[in-house]
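The primary structure of each chain is shown beneath.
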Amino acid sequence: MTRTNPPGGSRPGLVPFLVISFVGAWLTMIPLWIDGLRRTSAAQGTSRLAALCMILMMLVPALTAFGLTARHRGARETLRVLGLARARPWRYEVRFAAVAFAIPLGLTAAGLTVATLVGWYTPAHLPGPATITPLALSALVSVPLYFGEELGWQGYLLPRLLRYGRTRGLLLGGVIWGAWHVPMTALGGSYPGHSVLLGVPVAVMTAMLLGTVIATVRLATGSVWAAVAAHLSLNEFALPLTRTVSGHLVDPLSITTWPASAVAVLGIWLTSRTRCEPDERPLPA
């Protein structure tokens with residue numbers, strides 16, 4: 001895995017990106033706040049209004065990143081700068097995306113194994129084609145939405161955070177990612193039925209750990225394609241399968257991938273400590 005740091009100097013546009021992305025996230029959730037939506041159970045479905053608001057929210061980071069970059073670089077150069085242009089031949093991109101897709105599944109499986117051993121989780125059966133097929137179709141349709149987030153977080157934000165150092169930049173990016181979800185988390189989006197005072201810190205900590213893993217995938221490949229694959233795998237497969245495989249309704253707080261994710265983050269940190277500076281390649285400026 002190749003370590004990637006930005007060239008010297010500051011990266012302009014960090015504050016405008018954060019301000020627009022966070023304000024945009026809150027604005028897209030206003031209809032749900034007005035409507036009085038509050039998820040109180042993991043079994044509660046998603047209304048059309050909630051789905052529309054979440055779609056708009058997920059597109060905010062990419063639109064912000066593209067607009068701020070294209071303003072100075074032009075549309076074609078923006079694709080390269082944000083890591084959307086192909087960094088390697090397609091066979092390597094597909095290989096990296098496949099590995100990235102497997103990472104959240106592996107972390108979730110490890111976390112569920114620990115949760116099962118301590119009695120927090122009860123697996124009932126293995127998922128079959130009837131379960132996987134709808135998830136695959138949903139994931140295929142949702143790909144543009146995950147580009148909506150990762151083009152902003154990993155394509156635009158990450159290179160600007162790395163000026164603070166690799167480890168601090170990765171962790172800070174995860175914290176920002178988690179904090180950006182607060183408008184949704186406060187409505188019970190991530191941890192329905194739990195207090196906001198509990199749900200928000202848990203969501204931020206989870207995002208910090210998983211976001212560090214996804215950002216490392218981006219650095220290793222030089223492309224956001226693999227980061228999109230990792231994010232899609234987490235939301236569209238790992239989390240739904242966790243509920244499907246269980247024999248009863250799963251409380252999101254009763255099972256945690258924190259131990260497995262923390263070990264992965266520790267491994268990332270140790271690996272970065274052993275890398276040599278001459279091997280580093282900068283992300284596009």
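The preceding data block contains the structure.
This write-up is about the structure you can find in this document. (Residues numbered from 1 in each chain as written. Predicted model: local features only at pLDDT ≥ 70, side-chain atom pairs only at ≥ 80, totals over all residues. Heavy atoms only, no water.)

This part takes up the overall build of the chain. On a plain count of helices and strands, the chain comes out with 10 helices and 0 strands. When its helices and strands are written in sequence order, the chain yields α-α-α-α-α-α-α-α-α-α. Looking at the chain alone, contacts between residues at least 24 apart form 85% of all its contacts between residues at least 6 apart. Carbon and sulfur atoms make up 69% of the accessible area of the chain, which totals about 13,800 Å². (Helix = DSSP H or I, 4+ residues; strand = E, 2+ residues; numbered from the N terminus. Contact = heavy atoms within 4.5 Å. Areas by Shrake-Rupley, 256 points an atom, 1.4 Å probe, with all protein chains shown as cover.)

All right, on to the packing of aromatic side chains then. The tally for this structure, following the rule as stated, stands at 6 aromatic pairs. On the numbers, 6.2 Å between centres and 25 degrees between planes, the contact of W26 with W33 is stacked. Residue W26 is classed as partly exposed on the basis of its relative accessible area of 38%. Each ring, one from F101 and one from F237, has its centre 5.2 Å from the other, and the planes form 70 degrees; the classification is edge-to-face. Linking F101 in helix α4 (residues 90-117) with F237 in helix α9 (residues 224-245), this pair joins segments that are 136 residues apart in sequence. Take F101: its relative accessible area is 27%, and that puts it in the partly exposed class. Connected via pairs of aromatic rings, a cluster forms that spans F17, W153, Y156 and W180. (Phe/Tyr/Trp six-rings, centres within 6.5 Å; stacked < 30°, edge-to-face > 60°. Buried < 20%, exposed > 50% of the residue type's maximum accessible area, 1.4 Å probe, protein only.)

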